[in-house]
Amino acid sequence: MKKIAAKLWRIIRGPMQWRVLWLWHSKFMVGVTGIVRDVDGRVLLLKHRMWPEGRQWGLPTGYANAKETFEDTIVREVREETGLTVKVCEQAHLKSGYKLRLEVAYEALYVSGRIKVASFEILEARWFSPDDLPEGVQESHRQLISRQRF
């Protein structure tokens with residue numbers, strides 16, 4: 001049976017192999033978070049409307065769209081939620097294993113713009129010192145903000 005399966009696999013080649021793999025394997029959503037810092041080392045936090053009461057402050061976060069790099073997701077999410085332009089730097093975090101979701105975080109630098117909260121999802125956006133974060137910041141986001149950089 002294994003020999004037949006291997007022979008069939010070699011016969012179908014290319015796009016058909018990709019279709020079979022797509023059907024066979026799990027599909028994942030990718031949540032992307034940006035640890036956006038300015039030149040003074042402050043971090044951008046957003047007060048998210050849809051997050052649980054008392055835990056609404058957090059980093060810019062969103063889901064990657066099809067054919068979008070994770071870096072582009074950060075740039076898009078920050079622009080949509082705050083009007084700011086950022087430059088994505090190094091990957092800071094990667095986590096899998098939670099249902100069908102993958103989480104990735106990147107350090108990012110503020111480039112330009114003034115905060116303009118126009119998103120339905122966001123109540124407020126402000127810069128904070130990493131040593132003086134507001135009450136209600138998601139614990140996982142506190143850890144990302146205070147992580148040791150290499």
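Remember, it's a predicted structure, so these values are computed and weren't measured experimentally.

### Remarks on the pattern of salt bridges
In step 1: Counting across every chain of the model gives eight salt bridges.
In step 2: Across the pair Glu-77 and Arg-76 runs a salt bridge, and its minimum N-O distance is 2.9 Å. Just as Glu-77 is buried, Arg-76 falls in that class too.
In step 3: The shortest N-O distance in the salt bridge between Arg-126 and Glu-124 comes to 2.9 Å.
In step 4: Overall, Arg-126 belongs to the partly exposed group, its relative accessible area being 38%.
In step 5: Residues joined in a network through salt bridges with shared partners are Arg-37, Glu-90, Glu-107 and Arg-147.

### Quick word on the layout of surface pockets
In step 1: By volume, the largest pocket amounts to about 610 Å³.
In step 2: For the lining of the largest pocket, the secondary structure elements donating two or more residues are β1 (29-37), β4 (61-63), α3 (70-82), β5 (85-98), β6 (101-112) and α4 (139-146).
In step 3: Partitioning the lining of the largest pocket into residue classes produces seven nonpolar, ten polar and eight charged.
In step 4: Estimates place the volume of the second largest pocket at around 180 Å³.
In step 5: Taken together, Trp-18, Leu-21, Trp-22, His-25, Ser-26, Lys-27 and Phe-28 make up the lining of the second largest pocket.
In step 6: Looking at side-chain class alone, the lining of the second largest pocket contains four nonpolar, two polar and one charged residues.

### A few points about the nonpolar core
In step 1: Residues Val-32, Val-36, Leu-44, Ile-74, Val-78, Val-86 and Tyr-106 are the most contacted members of the largest nonpolar core, which totals 16 residues.
In step 2: Residue contacts for Leu-44: discarding those within four places in its chain leaves Val-36, Gly-58, Leu-59, Pro-60, Val-78, Thr-82, Leu-84, Ile-115, Ala-125, Arg-126 and Trp-127.
In step 3: In this structure, Val-43, Leu-59, Ala-92 and Ile-145 belong to the second largest nonpolar core, which totals twelve residues.

Conventions used here
The written sequence of each chain sets the order in which its residues are numbered from 1. Thresholds applied to this predicted model are a pLDDT of at least 70 for local features of residues and 80 or more for the giving and counting of side-chain atom pairs; totals over whole chains, interfaces and linings are not thresholded and use all residues. Values shown for side chains rest on all heavy atoms present in the structure; no hydrogens or waters enter the calculation. Definition used for salt bridges: Asp or Glu carboxyl oxygen within 4 Å of a side-chain nitrogen of Lys or Arg. Only protein chains enter the accessibility calculation, which uses a 1.4 Å probe; a residue is then buried when its area is under 20% of its type maximum, exposed when over 50%, and partly exposed in between. Grid points spaced at 1 Å over the protein atoms alone were grouped into cavities, where a 1.4 Å probe fits but cannot get out, and pockets, open sets with protein on both sides within 12 Å along at least five of seven lines, with lining residues defined by an atom within 4 Å of a point. Grid points are joined across faces, edges and corners, and a volume is the space filled by probe spheres set on the points. A run of H or I in DSSP becomes a helix once it reaches four residues, and a run of E becomes a strand once it reaches two; helices and strands are each numbered from the N terminus. Each residue receives one of three labels: charged for Asp, Glu, Lys and Arg, nonpolar for Ala, Val, Leu, Ile, Met, Phe, Trp, Tyr, Cys and Pro, and polar for the others, Gly being one of them. As used in this record, nonpolar core signifies buried Ala, Val, Leu, Ile, Met, Phe, Trp, Tyr and Cys residues forming a set joined through side-chain atoms within 4.5 Å. Contact definition: two residues touch when any of their heavy atoms are within 4.5 Å.

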